Amino acid sequence: MGTFNFNGNVTAGAIGDNATVNVGRQDTAAETLRLAADLARWLRDEGASREQIAAAETLRGELDRAAQERRAAEPGVVQRSLEIITLGLGAGSGGLALAQEISRLLTG
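Please read these numbers as outputs of a predicted model, since none were measured by experiment. (Residues numbered from 1 in each chain as written. Predicted model: local features only at pLDDT ≥ 70, side-chain atom pairs only at ≥ 80, totals over all residues. Heavy atoms only, no water.)

> Before we move on, can you summarise the pattern of salt bridges with the specific residues and values?
For the coordinates displayed, the defined rule picks out eight salt bridges. The salt bridge involving arginine 41 is made with aspartate 38; its shortest N-O contact spans 2.9 Å. Highlighted residues: arginine 41 and aspartate 38, both in helix H1 (residues 28-45), separated by three residues, approximately one helical turn. According to the relative accessible area criterion, arginine 41 is partly exposed, its value standing at 41%. Each member of the salt-bridge network shares a partner with another, and the members are Glu62, Arg65, Glu69 and Arg71. (Salt bridge = Lys/Arg side-chain N within 4 Å of Asp/Glu carboxyl O. Helix = DSSP H or I, 4+ residues; strand = E, 2+ residues; numbered from the N terminus. Buried < 20%, exposed > 50% of the residue type's maximum accessible area, 1.4 Å probe, protein only.)

The following block contains the structure:
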């Protein structure tokens, strides 16, 4: 859930904390990181290829570093990792659903 914090006089130039407005969900980074860990675990449990598991770990690592550094994840790393992970995954599989949800959270 998004929050609005109005401290003092509200004008067009001073809305929210430090003149910013946060609208929408604010916990997507933690949720995305959790889903990436779930995806890596699912791939290992399902006996996925080494390349897919390595891509899942690369994705999880990038999301973790981005969260720690308070920056957006590198789109190229995310895209390449998700492409490698999803190659060969069956339609409707748990792994494909996790990858699609991660993609959805990262792209808005």
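> Which residues make up H1, and what are the values?
Between its terminal C-alpha atoms H1 stretches 25 Å, which fits the 26 Å expected from 18 residues at 1.5 Å a residue. Regarding H1, the residues found buried are Glu31, Thr32, Leu35, Ala36, Asp38, Leu39, Ala40 and Leu43. Phi turns positive, to about 70 degrees, at glycine 47, one or two residues after H1. (Expected span 1.5 Å × (residues − 1).)

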